[in-house]
Structures are given as structure tokens and as C-alpha cells.
Amino acid sequence: MLELHGLHKRFGDVVALDGVSFAAKPGYITGFLGRNGAGKSTTMRSVFGLVNLDDGLIRWNGRDVDGAAMSRFGFMPEQRGLYRKMKIRNQVSYFAQLKGLDRRSADKSANELLTELGLGDRLEDKLEALSHGNQQRVQLATALAHSPDLCLLDEPFNGLDPTAVRVLNSYLRSLADDGRAVLFSSHQLDLVEELCDEVVIIDDGSVRATGSVSEVRRQLGHSVLNLAFSSTPDWGRLAAEGAAATGTRSAQVRLDNPDRLSHLLSLAQEAGSLTTFSYDLPSLSDVFEEVTQ
Amino acid sequence: MTDTETPSTQPSSSPIDMESNRASAPTMMSDAALVFRREFITRITSSMFLATMAFGLVMIIGGAVFFRVIDETDVDIVGLVGDQPTGLADALPELTDEAGFGRVEVETFESREALDEAIIAGDVRVGVVDGSELVVKTSDGTLPGFLALVWKEARVGALLTSPDLDPGQQQVVAEATTDIPLTELEPDPESEAKAAVGFALVIMLFLTIQLVGGMLMLSITEEKGNNIVELLLSSMSSKSLLLGKLAANGLIGLIQTVVLIGAAIIAVNVTDLGDIPTIPSSLLLVALLWFVVGFAFFGVLIAAGASLAPSQEDAQSVMTPIFILLLIGYMASIFVTSNLDSGAARVVSMIPLVSPFVMPARFLDGDLPLWEHGLAFAIAAVTLVAALQLGSRIYTRSVIHTDRKLGWLEAFRGEPVR
């Protein structure tokens, strides 16, 4: 398990990390959410010693992170970068060897992973001959070819087409199912909600929410009632109860007290021709918006 | 995933199991070896290296062939007419060659008029008429004077065996015409050729260090400019990266030095050009040893300078002081090689900036006491250790910064990463 305890980092006057603490567990996919500049990349880079922390502790399986531990980590940095004139198979194999695989295994793994990512017929191509999306797949392969115990992926879905997203999605799940820890950052909240077991939301260098997706969704302490009408409802009556329009014939009401549910449903039926309703926790997107305001 | 779902602990389509295929955990040396291998293969197959080698070989082989052709066409013709001392015409080419006049050929003419015409036309350099008169178009050079001596000696020789003189007269003639002996205190028939090889060594070492240093600079700025360095440093220490790069580029420089020097020696020997001396194998060892010292010294400084720049464009300005340092070392080496006997030059050759270039030339010259060689090496070794520490300190503190150009002092004072 990767544990981060009280990470602090300043760049001049800018506080990049202000006591960041959370964990990424084996067998779990952890989504790392935050706006641009919130501290996601700095946190990830600090795991590899690429940032000199002012304070804090990073541990892997209860011990300080050393070179041997790092060889079991896979990293996809925010700033993508590979050798443009190197063949992609050799490139992926090279980075796998740097992580401790022997050459034969690294070559084999590079072949298999690149093929799995849809680049089986481009193995002998140089990186510069590939499209941007395919280069992104190669970047992913360099992070994963040594089958790491911990995957730290900074915006891995950026630039991927839907097919590649589906393949990566499935591959990350298989890594977690195999007992490996996966931590990735993303702006695609629907994807995070669908894929992740745990979520960490960071803002201004501080962790604002952490836990399983359901725990985070409960964290706001309220639920939402979604209402859909067959025709335009009486917006005045709905607004008086705190409902907000989400469409021309749909609305959402925040429910701090579940006891109000029957009352609101009655009112909705009176305000218009109610066709469907749902009662649920706030979406991850709602939580993200609220805790990062 | 729904609210109630928990992560599966059962593998579905498991990733490749690499546990059994892992070599031992990476170490600084194993990482450096991987960097070395990739860097070496990349550089030695690069069009830049291959083009440079091809250019160097073409220049060396082409140059040798060119000079051979020039040599063949640059022949002085000595025209003879009338009676000449017996055997002199046949012996003349060898006599002039030994005296350093290059190739001389002898041509016999039927008449004085024909000889004069050939001289005026420039086909014949010197004419000898009846063994008693020299004819030239315009008096220049020392060949006519030499020929006058040769013919004079032939005439004296004939006189000494003439039955017209009694033994006493022959004795007088012999004593009067005996050459004054020349005593050479430090005979070295190959000194000029040695000096030429010495200069060639200095130039070769300078160009190789500059070229390979340039390749090292491009390699580092490529990794910074393309953000590869972040991925690399997530897998290894910056010292491993630096070590692998220095070793790979150093080996390429060694190969280049050996190939080009070897090609030069072979080309010169095959085309029978000049008097390139036999080069002792120990000189090659000394040259390679000093190349390693010189490249390690300048290479680590070049690596440090390149690590300050976020891109290749910025690297040029940051690298200027290093390349000026290299140039100063080169200029001083030319001075030393031109004045190998002067005390000042011997002192200058001890400077670590200079000794890598000039010590092989001094060794070849033969006038390099072991203690001087040892002292120069000791000074260079101490300086090298300091340069390695300084360069390594700057490199490890600046290579990760891909967003802006760093100053030397800022990098020196910075915090290391990885």
C-alpha cells in the first residue's frame, strides 16, 4: 500500500502541497481528482523523488520508498515524453528493463502490451511515425510493461480515442484485480465514477475528500431528488421548495432530511405531470464542484 | 461501480506475470549499463556519427591519394648531353632522394640545342653539358648547387684514379677535397614526421572531444526538451543516467580516434607517402588514456552545461564558456607542440586543460621524462575528480528542470533530485 503522510511543498510563494495525506491500496483503483494546479502532479512526482518535499513521509508497504520499491512502480507523467526516433517496441522494452526485467521478458512484454493496445502491426515503427493518440498508447505501455505493483498515471485517458479508453479501462481493472494498486488522475469525472473504487479530491494542495466513491458521495450529507415531467411544471411551486431546473421539464431538489421525500413527491405531482423520479446520493461531479469551490 | 460494490480480488484477465522474469533489483551500475547500451547503439548508428566518420575517412584516404598523385607528378628532370662520368646518371635519383630533393629523373638529349629548348620550355629543371657545365632557365632553388657538388665529386674521383698523377699528388688532391665532417648531437631522422604526427594527434583529440561532446550535449537536451528525463528519473538516479551517457559517448570517441588514426597510418603506408615514423603501440595506449582523461573532464562539464538548458536552442548560449575552455586548451596545445623544447611550453603542458591534447605528442617526441608524464597525469586526475564532482553536482540538480534555463550558480546551490 502506498501511504502519503502530510506532504508539504512550496515553490517560492506558491504552496503546492499543504499536508497531503491519503493512501492507494493494492487491489483498488484510486481516482485522483483536482483542478489544474491543485497539486496532483506534484504529489505523483514526489512519490518518485522528482520533487524535494519540504516535509512529509511517503511509504510503500510500511517502508520508505527506495530504488527497489520504485522499480515496482509504473509512472505516466503529466509531461509526456519518449524518444522520437526509437522503435516503439525497443522503447517500451528499454523502460521495462530499467525497471528490472531481463531483456527477453521485456521484449515479450512490450510485444504483448503494445499488441493489446492495438499497435501490434506498428512494433517496428519509430515513435515519430505514429499519430498523437498512438503515441499516447506507447506512453502508457512504457508505464505498464513491467507489470508494476503500483501504477501512478497522470491523466492517462487524455488524448485516447474511445476504443483505447475501453482497453485501458479494462487493463487497469485487471491490474487491480491482480492485487496491484492503481492511482490515476483525471478530469473525466464520469469515467472516474465508473472505474474507481476509491477517490481522492485535492484542491489548493489539500485533500478535500477521500474514501470509496460512495463514501465521498455521502460526505456532503445530503441526497438529491431528480424529477422528470411530461410537460412544463409549475416552476414557482417547485422553486419555493428549493428545486432547481435541470432541463425544460426536469428538476433536482437537494434533500438534507430524508423525511421530506414524501412531501416533495406530493408537491411535484401537484406542480405538474410527473413521469419519473429518482432519489440518490449526489454525483461525484456534484461533490467535486462543492468541495473545490 | 455501484455504491455497494467492493473491488474484486479475483483476477479476470491478469496482466503479464513478470515476477519470475525479473533480473535482480536495478542498481546504479545496471541502470548505467542500460543507458550506456541504448546511448551507444543510438549514437554509433546515427547519421551524424556515420557522416562524420565517412567524412574523416574520405579526407584521410582521399588526402593520401591526392598527395600521392601530386608526388608522382612533381618530378624534377635533369637533362644530360655529351659525356658524363660513368654510372652517375643511374645513381642520380638515389643521391637526390637521400639529400631530400624528392623525385629526380634523368633524361639524355642528343644535342645542346635540344636540351636548351627543353629547359626554356620548363620540361627540364637543370641541364648538365659534357659533365662540365650546368644550365638552368632561371637560377632558383638548391638543386643546381647540389648537382654541381655531385659532378665536382665525380671529377675529383676520376682525378684520384688517373694515371696522370703520381701517388703523392693524389694524396694532396685527396686531402684537399675531403669533406669537413658534420657531427650531429641529437640525430633524429624522423623529427619532422614526428612533429607532423604530434600536430595530427592534437587536432584529432581536439576534434573528437568537440564532436563527441556535441553529441553528448544533443543527447541531454533531447531528453530534456522532449520531457523524457522525467520518465527516466522515475526509474533510475540521475547519476546512473550521467554515467551511462559519459561512458557511451566516451567509447564512441575512442572508436573514432582509433579508426581515424589507424586509417591515417594505413593510408600513408599503403600509398608510400613521406616518412611517417613507426608509431610504437605504447603511443596508442598513451593517446587513448589521455583521450579518456580529456573526454571525462570536458564531457562532464558539457553534460552539466547541457543540463541547464531546457532545449537545444538554449543550450548554445549556456555551453559557450565550456567550448571556449576547450578552445583555450587546444590553442595552448598547438603552442606547446610548436615549441616542444621550450621550458614555458613544458610548464603549460602540465595544465589539465592542455595535457590531454599535448601529452601524446610530447610522448611521441621522446623528450618526456617519466616524472613529468606522471606529474601531468596526477594533476589531471585530481582536477578530473573535482570536475566530475562539480559536473555531477550541477547535472543532478538541474536535469529535472525542463521548464526554464538555470544559471550555473543556481544549479550549484540547488537541491538534488534522484
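Everything numeric in this text was worked out from a predicted model, so none of it was measured.

**Focus on the overall build of chain B**
A tally of regular secondary structure across chain B gives 15 helices and 4 strands. Expressed as a percentage of the 418 residues in chain B, the buried residues total 42%.

**Considerations on the packing of helix α3 (residues 88-98) of chain B against helix α5 (residues 143-160) of chain B**
Residues and elements named next belong to chain B. Put simply, α3 and α5 touch, their axes get as near as 12 Å, and they point 135° apart. For the element pair α3 / α5, the angle class is oblique. With respect to the hand of their crossing, α3 and α5 are arranged in right-handed fashion. Taking contact as the criterion, the partners of Leu88, Leu92, Leu95 and Thr96 in α3 are, on α5, Leu143, Phe146, Leu147, Val150, Trp151 and Ala154.

**Topic: the sheet that holds strand β6 (residues 73-76) of chain A**
The strands making up a sheet are joined through hydrogen bonds of the backbone, oriented either antiparallel or parallel. Residues and elements named next belong to chain A. One open sheet holds the 6 strands; their spatial order is β6-β7-β8-β3-β9-β10, and the pairing between them is mixed. Unpaired on one side and paired on the other, β6 and β10 (206-212) mark the two borders of the sheet. Across the sheet, the axes of successive neighbouring strands diverge by a mean angle of 15°, strand direction being ignored. Two elements, strand β3 (residues 29-33) and strand β9 (residues 198-203), share 4 bridges in a ladder whose sense is parallel. Note on β9: the bridge partner recorded for Leu33 is Ile201. Here helix α1 (residues 40-47) sits on the sheet in contact with β3, β6, β7 (150-154), β8 (181-185) and β9, set at roughly 145° to β7.

**Side note on unusual backbone geometry**
All names here are of chain A. With a phi angle near 50°, Asn61 is a residue other than glycine that sits in the positive phi range. By the secondary structure assignment, Asn61 is in the loop between β4 (55-60) and β5 (63-64). With a phi close to 55°, Glu155 is a non-glycine residue in the positive phi region. Structurally, Glu155 can be placed in the loop between β7 and α6 (162-177). Classification of Glu155 as buried rests on a relative accessible area of 7%.

**A short note on the pattern of salt bridges**
This model, assessed by the stated rule, comprises 34 salt bridges over all chains. Asp197 of chain A is the partner of Arg173 of chain A in a salt bridge, and the nearest nitrogen-oxygen pair spans 3.1 Å. Taken as a pair, Arg173 of chain A in helix α6 and Asp197 of chain A in the loop between α7 (189-195) and β9 lie far apart in primary sequence, 24 residues in all. What makes Asp197 of chain A buried here is its relative accessible area of 3%. A salt bridge links Glu241 of chain A to Arg260 of chain A; the shortest N-O distance between them is 2.9 Å. A residue pair is termed long-range when its members are at least 10 positions apart, and Glu241 of chain A in the loop between α9 (235-240) and β12 (243-247) and Arg260 of chain A in the loop between β13 (250-255) and α10 (261-271) qualify at 19 residues. Among the residues examined, Glu241 of chain A registers a relative accessible area of 23% and is labelled partly exposed. Under the relative-accessibility criterion, Arg260 of chain A is labelled partly exposed at 28%. When salt bridges with common partners are traced through the structure, they connect Arg38, Glu39, Arg43, Glu222, Glu223 and Lys245 of chain B into a single cluster.

**Observations regarding the environment of Gln84 of chain B**
Residues and elements named next belong to chain B. When you line up the elements, Gln84 lands in the loop between β1 (75-81) and α3. Measuring from C-alpha to C-alpha, the distance between Gln84 and Thr96 comes to 17 Å, with 12 residues separating the pair along the chain. Those residues within four positions of Gln84 in sequence are excluded, and the remaining contacts are Val128, Val129, Asp130, Gly131 and Trp151. A distance of 3.3 Å separates a polar atom in the side chain of Gln84 from the backbone nitrogen of Gly131. Here the side chain of Gln84 touches Trp151 through a polar contact of 2.9 Å, side chain to side chain.

**Some remarks on the sheet that holds β5 of chain A**
All names here are of chain A. Pairing within the open sheet is antiparallel, and its 4 strands lie in the order β2-β1-β4-β5. With one partner strand each, in any of the chains shown, β2 (14-24) and β5 form the two edges of the open sheet. Pairing of strand β1 (residues 2-11) with β4, which is carried by 5 bridges, proceeds in the antiparallel orientation. Each residue of the ladder has a partner; that of Glu3, found in β4, is Arg59. Here α1 sits on the sheet in contact with β1, β2 and β4, set at roughly 115° to β1.

**Things to note about the packing of aromatic side chains**
For the structure on display, the rule yields 14 aromatic pairs over all chains. Centre to centre, the rings of Phe206 of chain B and Tyr330 of chain B are 4.1 Å apart; their planes meet at 25°, and the pair counts as stacked. Of the two residues, Phe206 of chain B is situated in helix α7 (residues 191-225) and Tyr330 of chain B in helix α11 (residues 312-338); the sequence distance between them amounts to 124 residues. Under the relative-accessibility criterion, Phe206 of chain B is labelled buried at 6%. Their ring planes at 90° and their centres at 5.1 Å tell us that Phe297 of chain B and Phe298 of chain B sit as a pair that is edge-to-face. Owing to a relative accessible area of 10%, Phe297 of chain B belongs among the buried residues under this scheme. According to the relative accessible area criterion, Phe298 of chain B is buried, its value standing at 0%. Here the guanidinium or amino end of Lys25 of chain A rests over the ring plane of Tyr28 of chain A, the centre of that ring lying 5.2 Å away.

**Let's talk about the environment of Leu147 of chain B**
Residue and element names in this part refer to chain B. Of note, Leu147 is situated in helix α5. Here Leu147 falls in the buried class, since its relative accessible area comes to 0%. Spatially, the C-alpha atoms of Leu147 and Gly127 are 9.7 Å apart, while their sequence positions differ by 20 residues. Not counting the four nearest positions on each side in its chain, Leu147 is found in contact with Val78, Leu92, Val126 and Leu134.

**Examining the pairing of β1 of chain A**
Within a regular strand, side chains alternate between the sheet's two faces. Residue and element names in this part refer to chain A. Alignment of β1 against β2, held across 8 bridges, turns out to be antiparallel. Pairing of Phe11 across the sheet is with Val14, part of β2. What sits between β1 and β2 in their antiparallel hairpin is a turn of 2 residues, with Gly12 showing a positive phi close to 65°.

**A short note on the domain arrangement of chain B**
Each domain of chain B was delimited in the assignment, giving domain 1 (74-176) and domain 2 (190-413). Measuring from the centre of the C-alpha atoms in domain 1 of chain B to the corresponding centre in domain 2 of chain B gives 54 Å.

**Observations regarding the interface of chain A and chain B**
Contact with chain A, which involves 52 residues of that partner, is made by 42 residues of chain B. Together chain A and chain B conceal approximately 4200 Å² of surface at their shared face, both sides included; 53% is due to carbon and sulfur atoms. Where chain A packs against chain B, one counts 1 salt bridge. A salt bridge links Arg45 of chain A to Glu230 of chain B, with the shortest nitrogen-to-oxygen separation between them at 2.8 Å. The tally of links from chain A across to chain B stands at 4 residue pairs in polar contact (both at pLDDT 80 or more). Among the elements that take part in the side of chain A that touches chain B, α6 of chain A stands out by supplying 6 residues, more than any other. Here the residues of the side of chain A that touches chain B sort into 20 nonpolar, 16 polar and 16 charged.

The rules behind the values
Residues numbered from 1 in each chain as written. Chains lettered and ligands numbered in written order. Predicted model: local features only at pLDDT ≥ 70, side-chain atom pairs only at ≥ 80, totals over all residues. Heavy atoms only, no water. Helix = DSSP H or I, 4+ residues; strand = E, 2+ residues; numbered from the N terminus. Buried < 20%, exposed > 50% of the residue type's maximum accessible area, 1.4 Å probe, protein only. Axes fitted to C-alpha atoms, helices over the stretch in contact; angles between N-to-C directions. Parallel < 35°, antiparallel > 145°, perpendicular 65-115°, else oblique. Left-handed = near helix turned anticlockwise from the far one by under 90°. Contact = heavy atoms within 4.5 Å. Pairing = 2+ DSSP bridges. Salt bridge = Lys/Arg side-chain N within 4 Å of Asp/Glu carboxyl O. Polar contact = N/O pair within 3.5 Å; in protein donor to acceptor, adjacent residues only side chain to side chain. Phe/Tyr/Trp six-rings, centres within 6.5 Å; stacked < 30°, edge-to-face > 60°. Lys NZ or Arg CZ within 6 Å of the ring centre and 35° of its normal. Domains from an automatic or database assignment. Buried area = accessible area lost by both parts, 1.4 Å probe. Nonpolar A, V, L, I, M, F, W, Y, C, P; charged D, E, K, R; others polar.

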